[in-house]
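Geometric and topological summary
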Amino acid sequence: MDFNYTFHYRLSYQEAYDTFYLLATRLTRKKKIIYGILLTAIAVLSLVFYGLDTRKVHLCLLAIFAAALLFYLLYYPAFSARKGAAKVAKLNGNYQFTVNQLGQITLPQSRDTQTGHCIVTLGEDKHSRVLETDTIYAIRADAQTTLCLPKRILKNGQKENLDQMFHKLLH
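A quick note: this is a predicted structure, and the numbers were derived from the prediction, not measured.

1. Some remarks on the environment of R129
Its place among the elements puts R129 in strand β5 (residues 129-132). Assessed through its relative accessible area of 29%, R129 is described here as partly exposed. Between the C-alpha atom of R129 and that of Y50, which follows or precedes it by 79 residues, the distance is 45 Å. The residues touching R129, leaving out its near neighbours within four places in the chain, are L23, A138, I139, R140 and L170. Within the structure, R129 has its side chain in polar contact with the backbone oxygen of L23 (distance 3.4 Å).

What follows is the structure, encoded as structure tokens:
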């Protein structure tokens, strides 16, 4: 499984949105549902008990706090993804990077003044992860580097090799 793939592509708004949404959503769907039900129950019960005794203002504050957390839980990932995707779409640029079987990703942007390239390696940072949908790979190489690799540009065999490499390095 030796490979060294170079990808050139233009990113669509939807692909950028999917990438930012995946990275902003830190909870599984099951946990989101459980937390949503729990926060809703806390807010409703707090308001009911506040209605029974309006001198207990802390119950009203608890309901407001639970509603704010619920809003953050449900709407922040979508808001954050829209904002990030709009920035990427406004740039309207072409993207390029190279990845090899060792998980080394070479970016043409210069962080290293010797070579003019930036090389980051998957799995070396605690923030490294790869998330996948039907249309993209959202690659978080480190805390500063996030890449979106659309599956539409992959050629025969590249998807399988990348899947094996991601699994080997990040699991």
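2. Observations concerning helix α1 (residues 13-24)
A rise of 1.5 Å per residue sets the reference length of α1, with its 12 residues, at 16 Å; its end C-alpha atoms lie 16 Å apart and thus fit the reference within 8%. When α1 is considered as a whole, its buried residues turn out to be E15, A16, Y17, D18, T19, L23 and A24. Where α1 is buried, its residues contact β1 (4-10), α3 (57-91), β5, β6 (136-140) and β7 (146-150).

3. Some details on the packing of aromatic side chains
The relation between two aromatic rings is expressed through the spacing of the ring centres and the mutual angle of the planes. Applying the stated criterion across every chain yields a total of 10 aromatic pairs. Measuring from ring centre to ring centre gives 6.1 Å for Y9 and Y95, while their planes differ by 35°; the resulting arrangement is tilted. Pair noted here: Y9 is in strand β1 and Y95 is in strand β2 (residues 94-100), with a separation of 86 residues, a long-range link. You can call Y9 buried: its relative accessible area is 7%. According to the relative accessible area criterion, Y95 is partly exposed, its value standing at 25%. Ring geometry for Y137 and F166: centres 5.3 Å apart, planes at 65°, overall edge-to-face. Separated by 29 residues along the polypeptide, Y137 in strand β6 and F166 in helix α4 (residues 158-170) bring together distant segments of the chain. In this structure, Y137 and F166 share a single accessibility class: buried. One residue, K151, lies across the ring of Y137, its end atom 5.0 Å from the ring centre.

How each quantity is defined
Residues numbered from 1 in each chain as written. Predicted model: local features only at pLDDT ≥ 70, side-chain atom pairs only at ≥ 80, totals over all residues. Heavy atoms only, no water. Helix = DSSP H or I, 4+ residues; strand = E, 2+ residues; numbered from the N terminus. Buried < 20%, exposed > 50% of the residue type's maximum accessible area, 1.4 Å probe, protein only. Contact = heavy atoms within 4.5 Å. Polar contact = N/O pair within 3.5 Å; in protein donor to acceptor, adjacent residues only side chain to side chain. Expected span 1.5 Å × (residues − 1). Phe/Tyr/Trp six-rings, centres within 6.5 Å; stacked < 30°, edge-to-face > 60°. Lys NZ or Arg CZ within 6 Å of the ring centre and 35° of its normal.

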